[in-house]
Amino acid sequence: MEAFRGWCGQSVISLYLIVSSRGVILGVLAFVCMCTFFLPAQTLHYTKRPDVENGGKVYRGGCIACHGSDGKGAPMASTVFLRPDTFPDFTDCAGTTPEPNGNWKAAIVHGGPSRGLSQIMPAFGDLLTDDQINDVMAYMRGFCKNVHHYPLGELNLPRALVTEKAFPENELVISTAASASGAPAWTTDIIDERTIIDARTQLETDVPVNYADQGHNWTEGLGDITLAVKREMFSSLKTGSILSLQGGILLPTGDRKRGFGAGTMQLEPFAAFDQLFRENTFLQFQLGADLPVDTSVAPRSMFWRATAGQAMAPDHMLGRLFSPMVEFLATRGFKPGASTNWDVLPEMQITVSRRQHIRTGFGVREPFTNTSGRTPQVVFYMLWDRADGKLWEGWR
Ligand code: HEC
């Protein structure tokens, strides 16, 4: 709690700094990117194929006493510890598949507390070799029997500020975009993403709240609320790719006169494709359209977005994760000959909590074509991955 309060104070101060000057955030970005340059990146692929059989031996030797022969946890009567509510049931595919190997490995090498988990989970870094740890993880992956029904956590790439990723999520995001020049104006989106039915389908609700200084009158109001369903269509860890389709409706809840909404209901379909490469370099693509029901009020438009990034962490990817990215964002009207608005958005995502379930992203969105009337924006979010624990858990 203490740590959380301290952190809250810090973020309010940093938000103030960020909004007060675009130069500051660009400076911070440049500095953090420079620092991450010195962090090692590790390949997603093992140098040696893990040996599941050997993993079984390691498991029976060191893990079975607590985690049980079936991976659900040893019988209550034979374990003396009090189970934390995050105690894993490794047969629960929906719970384990979103968890990348890196997260497991950190807990196995350095023990539970290194990830804000219980100290009952011992550190095995000095007892087991790197290969043995990879083997035991491969063995434990076998506890989930229908793994091919689920997209794997490795493909859950760092969230970009604007481009929507393909992976179905269970997170709450509060994202703010503020004008960095001209009259002060900002929009905060409260975004809830949760998997429904199965781990491949996601329901998204996005409630935007606008604040703007319009002719020296401070106005505020709701924007157009989005309701959307996303479905993972294809994913493979072998090729590092994931493809999703989303269908959404934007309700006309925003006041059009104040520039807070389109004034008509809109349909928003899109496709998202993400590609992870060796050394944790990644690309994310999104292609979609905004289709107002009443085109006399708002024009139809399409958008395409691309993000290139690199995930890096100290301690061979077991430490805090830093992900510098750059987004290229385009929108264009449907009319023949309509011109395209291009923006570029350099940014950084950093995991804040020890468990890495709280993350922040920040960057500056710069228009670089048709710049008249389009101001640069400072964009910032806080993200809470609900599946990994409560908001106040996992900080130390
Ligand atoms: C003394 C009991 C004990 C032993 C022995 C033990 N574990 Fe654990 N392990 C735990 C507990 C308790 C947790 C749950 C921690 C929490 O959720 O706070 C846990 C959690 C984990 C997790 C989940 C981490 C996450 O990200 O959620 C993994 C993976 C794991 N153990 C692997 C292993 C492996 C591999 C071994 C053997 C090499 C092992 N454990 C041996 C008690 C143990």
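Residues numbered from 1 in each chain as written. Predicted model: local features only at pLDDT ≥ 70, side-chain atom pairs only at ≥ 80, totals over all residues. Heavy atoms only, no water.

A. Focus on the overall build of the protein chain. Counting secondary structure elements, the protein chain contains eight helices and 13 strands. A total of 396 residues make up the protein chain; the buried ones form 45% of that total. Long-range contacts, defined as pairs at least 24 residues apart, comprise 58% of the intrachain contacts of the protein chain with a sequence gap of at least 6. Carbon and sulfur atoms form 62% of the exposed surface of the protein chain, whose accessible area is close to 19400 Å². (Helix = DSSP H or I, 4+ residues; strand = E, 2+ residues; numbered from the N terminus. Buried < 20%, exposed > 50% of the residue type's maximum accessible area, 1.4 Å probe, protein only. Contact = heavy atoms within 4.5 Å. Areas by Shrake-Rupley, 256 points an atom, 1.4 Å probe, with all protein chains shown as cover.)

B. How the structure looks around the packing of aromatic side chains. Counting across every chain of the model gives eight aromatic pairs. Consider the rings of Phe 90 and Trp 104, whose centres lie 5.1 Å apart with planes at 75°: the pair is edge-to-face. Taken as a pair, Phe 90 in the loop between helix H4 (64–67) and helix H5 (93–96) and Trp 104 in helix H6 (residues 101–110) lie far apart in primary sequence, 14 residues in all. Here Phe 90 and Trp 104 have matching classes, each one buried. Taken together through their ring pairs, the aromatic side chains of Tyr 59, Tyr 139 and Phe 143 make up a single cluster. For the cation-ring pair, Arg 159 lies above Tyr 381, with the distance from its terminal atom to the ring centre recorded as 4.9 Å. Residue placement shows Arg 305 over the ring face of Phe 303; its charged tip is 4.3 Å from the ring centre. (Phe/Tyr/Trp six-rings, centres within 6.5 Å; stacked < 30°, edge-to-face > 60°. Lys NZ or Arg CZ within 6 Å of the ring centre and 35° of its normal.)

C. Inspection of the environment of Gly 71 at higher detail. Structurally, the position occupied by Gly 71 is in the loop between H4 and H5. Judged by its relative accessible area of 0%, Gly 71 falls in the buried class. Not counting residues within four places of it along the chain, the set of residues in contact with Gly 71 comprises Tyr 59, Pro 88, Asp 89, Phe 90, Thr 91 and Phe 143.

D. Just the coordination of the iron atom of the ligand, in detail. Protein-derived coordination of the iron atom of the ligand comes from His 67 (NE2) and Met 121 (SD), at a distance range of 2.0 to 2.1 Å. Relative to the metal, the six donor atoms surrounding the iron atom of the ligand lie at angles of 86 to 179°, and the coordination shape comes out octahedral. One end of the pair, His 67, is in helix H4; the other, Met 121, is in the loop between H6 and helix H7 (130–141), with 54 residues separating them in the sequence. The buried category is assigned to His 67, whose relative accessible area is 11%. (Donors = N, O, S within 2.8 Å, 3.2 Å for Na, K, Ca; no water. Tetrahedral: all angles 85-135°; square planar, octahedral: opposite > 155°, others 65-115°.)

E. The arrangement of the environment of Leu 283 in detail. Positionally, Leu 283 belongs in strand E8 (residues 281–292). Through-space distance from the C-alpha of Leu 283 to that of Met 325 is 9.3 Å; in sequence the pair is 42 residues apart. Not counting residues up to four positions away in its chain, the partners in contact with Leu 283 are Leu 157, Phe 273, Asp 274, Gln 275, Phe 277, Thr 307 and Ala 308.

F. Spotlight on H7. End to end, H7 covers 17 Å across twelve residues, agreeing with the expected 16 Å (1.5 Å per residue, within 8%). The complete set of buried residues in H7 reads Ile 133, Asn 134, Asp 135, Val 136, Met 137 and Met 140. On its buried side, H7 packs onto helix H3 (52–62) and H6. (Expected span 1.5 Å × (residues − 1).)

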